[in-house]
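Close look at the chain arrangement
For reference, the chains in residue letters:
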Amino acid sequence: MHALFEYIPLVIFFVVNKFVDIYWATASLIASSALQILYYIIKKEKVPTRNWIFFGLIAVFGGLTIFLHDEAFIKWKVTIINEFFAIALLVSYYLFKKNIIKQFLSESINLPDPIWTKLNLAWALFFALCGVLNWYVAFNFDLETWVNFKVFGLTGLMFAFSIITILSLHKYMRDDSEDITNAIEDSIEINSNVISKPQHNKDNDKI
């Protein structure tokens, strides 16, 4: 699944922090994110917008974390990304009449427009909530707790929200387990691809 590729830097971050410290983990996060971009360049593929944005934020906040020896910056990065996702969904829909969630899931399920609107809003609220939760845990608990929450807590919330969302829309799908599986997979990929166009259309991976 394409989404798994997006989580490689997160896994590396967790492992390095576990065996070394947050600063080496931050450096490895920056390096692995840069390698992801290099991967697209070597394959002569268009680098998705999200990867440039992620790398830019990681480089800035991670660089400040290392340079100033203050982990607060890398903690803020997670909240900023989630809030950015929330704003992107709302702005795309209400200003540009573009429903990003519909673009991702329309090949798996067919919904009335009012339901697509509610689904888009639900995902925006979910990302906003994740941003707030990250901020709360980051600045009210110790570093180890925050790292575990970032890697396992937020990822677990994303999987749970994706599955619950799709199952709640089961009545709009054909009675086909493959359709449900595909819809859940597409929904999970939203977390890492929400600011890009659907991966079904590889020539159109930017907003």
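About the cut-offs
- Residues numbered from 1 in each chain as written.
- Predicted model: local features only at pLDDT ≥ 70, side-chain atom pairs only at ≥ 80, totals over all residues.
- Heavy atoms only, no water.
- Helix = DSSP H or I, 4+ residues; strand = E, 2+ residues; numbered from the N terminus.
- Expected span 1.5 Å × (residues − 1).
- Buried < 20%, exposed > 50% of the residue type's maximum accessible area, 1.4 Å probe, protein only.
- Arc of directions from axis to C-beta.
- Phe/Tyr/Trp six-rings, centres within 6.5 Å; stacked < 30°, edge-to-face > 60°.
- Lys NZ or Arg CZ within 6 Å of the ring centre and 35° of its normal.
- Core = buried A, V, L, I, M, F, W, Y, C linked by side-chain atoms within 4.5 Å.
- Patch = residues over 30% accessible without salt bridge, like charges linked within 9 Å, V, L, I, M, F, W, Y side chains within 5 Å.
- Areas by Shrake-Rupley, 256 points an atom, 1.4 Å probe, with all protein chains shown as cover.
- Salt bridge = Lys/Arg side-chain N within 4 Å of Asp/Glu carboxyl O.

Okay, helix α2 (residues 8-19) next. Note that an α-helix has 3.6 residues per turn; residues three or four places apart therefore point the same way. Spanning 12 residues, α2 covers 17 Å between terminal C-alpha atoms, matching the ideal 16 Å at 1.5 Å per step. Taken together, the buried positions of α2 are Pro-9, Leu-10, Phe-13, Phe-14 and Asn-17. Around the axis of α2, the buried residues are gathered within 140° of arc, so they sit on the same side.

We now examine the packing of aromatic side chains. Counted under the stated rule, the structure contains 12 aromatic pairs. Ring centres 5.0 Å apart and planes at 80° place the aromatic pair Phe-85 and Phe-127 in the edge-to-face group. Within this pair, whereas Phe-85 is found in helix α5 (residues 72-94), its partner Phe-127 is found in helix α7 (residues 113-140), the two being separated by 42 residues in sequence. Each member of the pair Phe-85 and Phe-127 is classed as buried. Ring centres of Trp-123 and Phe-126 lie 5.7 Å apart, and the angle between their planes is 85°; on these two criteria the pair is classed as edge-to-face. Separated by three residues within a single helix, Trp-123 and Phe-126 lie in helix α7, roughly one turn from each other. An identical accessibility class is assigned to Trp-123 and Phe-126; each is buried. Aromatic ring contacts, followed pair by pair, group Phe-85, Trp-123, Phe-126, Phe-127 and Phe-161 into a single cluster. The ring of Phe-139 carries the charged tip of Lys-75 above its face, separated from the ring centre by 5.7 Å. Just above the ring of Phe-13 sits the side chain of Lys-150; from NZ or CZ to the centre is 5.3 Å.

This paragraph deals with the nonpolar core. Ranked by size, the top nonpolar core spans 42 residues in total, and within it Leu-105, Leu-119 and Trp-146 carry the most contacts. Broken down by secondary-structure element, the contributors of at least two residues to this core are α2, α3 (22-42), α4 (49-68), α5, α6 (100-105), α7 and α8 (143-168). Per-element tally for this core: the top contributor is α7, with nine residues.

This brings us to a nonpolar patch on the surface. A cluster of nonpolar side chains, namely Trp-76, Ile-80, Val-132, Trp-135, Tyr-136, Phe-139 and Phe-141, defines an oily patch on the protein surface of about 650 Å² accessible area. For the nonpolar patch, the secondary-structure elements that each account for two or more residues are α5 and α7. Counting residues per element, the nonpolar patch draws most heavily on α7, at four residues. Among the structural elements, Phe-141 can be located in the loop between α7 and α8.

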